[in-house]
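Working through the structure, step by step
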Amino acid sequence: MSNNQSILTPDTVNPTNNTTNENNQAVRYPVITIDGPSGAGKGTICWKLAESLGYQLLDSGALYRIVGLKAQQAGLLDEPLDDEEVNKNELEDKLEALTKSLKISFIANPETTQIDILVNGALIGSDIRNETVGGYASKVAVFPKVRSALLQLQRDMANDSGIVADGRDMGTVVFANADAKIYLTASAEARAKRRVAQLEQVGQTANYQQILVEIKARDERDENRSTAPSRPAEDALVLDSSVMDIESVYQAVKKHCMDCGISF
Ligand code: DC
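Residues numbered from 1 in each chain as written. Predicted model: local features only at pLDDT ≥ 70, side-chain atom pairs only at ≥ 80, totals over all residues. Heavy atoms only, no water.

1. Things to note about the overall build of the protein
- The helix and strand tally for the protein stands at nine helices and eleven strands.
- Over its C-alpha trace the protein gives a radius of gyration of 18 Å, about what one expects of a compact globule, namely 18 Å for 264 residues.
- For the C-alpha atoms alone, the extent of the protein along its principal axes is close to 55 × 40 × 40 Å.
- For the protein, contacts bridging at least 24 residues in sequence account for 71% of all contacts bridging at least 6.
- Total accessible area on the protein is roughly 13,200 Å²; 48% of this is exposed by carbon and sulfur atoms.
- Each charge class in the protein was averaged separately, 27 positive and 37 negative side chains, and the resulting centres sit 1 Å apart. (Helix = DSSP H or I, 4+ residues; strand = E, 2+ residues; numbered from the N terminus. Rg over C-alpha atoms; globule rule 2.2 N^0.38 Å. Contact = heavy atoms within 4.5 Å. Areas by Shrake-Rupley, 256 points an atom, 1.4 Å probe, with all protein chains shown as cover. Lys, Arg positive; Asp, Glu negative; His and termini not counted. Charge placed at Lys NZ, Arg CZ, Asp CG, Glu CD.)

Okay, structure coming up:
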């Protein structure tokens, strides 16, 4: 992945992310969005696309995971959100203030070829990559003020290069004018099976039934919230990866991107 400047394309018509070049012409970089639930294979596909195109990768789920983890550490998620006693407006204001206090940056690490995430200068490691933090993320993600506090940061990622954006509302809200949109899904059962296999591969024990319940609870919250619910954009290619291997998914996604005018 690089900040490949050669993909800059002049475009003055309804740009998703516009900036100006040295001649003061409006320019716009290509945007590919991949939305869908956790475990459908978005991460792998986005990584492969970004690498082969030399685009930046935006892992928007990581942003919500960071806010979720910090909110939990600050004691803001101690009460269940459906508790009548919880004052939702007050909680939303606190979550918004917390979100705005976080300085989050994504930095490509050439040594590991991974993206390092820094929060207020400190490196965030794998502690956001578990289902518990995924649950916190999904809880804070229902609040419109949290979502809008993260909006500009996400859009700014597309200012300097092409971008592959991974999330739930990339094609519907954040980059509604994206060049190519994909919604990648899979059955909850297939996703739970993959998650179990992943955990077992790194020597952890995994309970399929428990993972399935957590996945379904998260899907339910992400798909039914009133702001930016997880759903395919009208102009997205919808792919169900339940019985597809990753290479076939990648080829289908690549073809769609090419059909939408992205050159590889
Ligand atoms: O993609 P992920 O599993 O890392 O996302 C974690 C949670 O964050 C997900 O359950 C819902 C929320 N999220 C969101 O609301 N909007 C996004 N664009 C990305 C993630």
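2. Comments concerning the packing of helix α2 (residues 60-73) against helix α3 (residues 88-101)
- Running from N to C, α2 and α3 point in directions that differ by 120 degrees, and their axes come no closer than 10 Å. Relative to α3, α2 is oriented oblique. Note that α2 runs across α3; the crossing there is right-handed. Taking contact as the criterion, the partners of V67, K70 and A71 in α2 are, on α3, L95, L98 and T99.
- Split by residue class, the contact of α2 with α3 holds four nonpolar, one polar and one charged. (Axes fitted to C-alpha atoms, helices over the stretch in contact; angles between N-to-C directions. Parallel < 35°, antiparallel > 145°, perpendicular 65-115°, else oblique. Left-handed = near helix turned anticlockwise from the far one by under 90°. Nonpolar A, V, L, I, M, F, W, Y, C, P; charged D, E, K, R; others polar.)

3. A look at the side chain of E131
- Considering the arrangement of structural elements, one finds E131 in helix α4 (residues 131-140).
- Among all residues touching E131, those that are not within four sequence positions of it are R195, E214 and R218.

4. Side note on unusual backbone geometry
- A positive phi angle is found at N120, which is not glycine, with a value near 45 degrees.
- Relative to the elements of secondary structure, N120 occurs in the loop between β7 (114-119) and β8 (122-124).
- Owing to a relative accessible area of 49%, N120 belongs among the partly exposed residues under this scheme. (Buried < 20%, exposed > 50% of the residue type's maximum accessible area, 1.4 Å probe, protein only.)

5. Things to note about the site of the ligand
- Residues in close proximity to the ligand total 17 residues, the closest being S38, R65, R218, D222 and R225.
- Between the ligand and R147 there is a distance of 2.8 Å, counted from an oxygen atom to a side-chain nitrogen or oxygen.
- Take D169: an N or O atom from its side chain is 2.9 Å from a nitrogen atom of the ligand.
- Contact with the protein chains hides 97% of the accessible area of the ligand, taken as 450 Å² for the molecule alone.
- Elements represented by at least two residues in the shell around the ligand include exactly α2, α4 and α8 (208-224).
- Per-element tally for the shell around the ligand: the top contributor is α2, with four residues.
- Partitioning the shell around the ligand into residue classes produces four nonpolar, five polar and eight charged. (Near = heavy atom within 4 Å. Polar contact = N/O pair within 3.5 Å; in protein donor to acceptor, adjacent residues only side chain to side chain.)

6. Topic: the nonpolar core
- If you look at the biggest cluster of nonpolar residues, it comprises 39 residues, and the most contacted ones within it are L58, L95, I104, F106, I117, I128 and F175.
- Among the secondary structure elements, those contributing two or more residues to this core are α2, α3, β6 (104-109), β7, α4, α5 (144-156), β9 (163-167) and α6 (170-174).
- It is α2 that contributes the most residues to this core, seven residues altogether. (Core = buried A, V, L, I, M, F, W, Y, C linked by side-chain atoms within 4.5 Å.)

7. Some thoughts on the packing of α4 against α8
- Two elements in contact, α4 and α8, have axes whose closest approach is 10 Å; the angle formed by their N-to-C orientations is 15 degrees. In terms of orientation, α4 lies roughly parallel with respect to α8. When the axes of α4 and α8 are compared, the crossing they make is left-handed. Residues E131, G134, G135, S138 and K139 of α4 touch α8, and the partners they reach there are E214, R218, R221 and D222.

In short, shape yes, function no, at least from these values alone.
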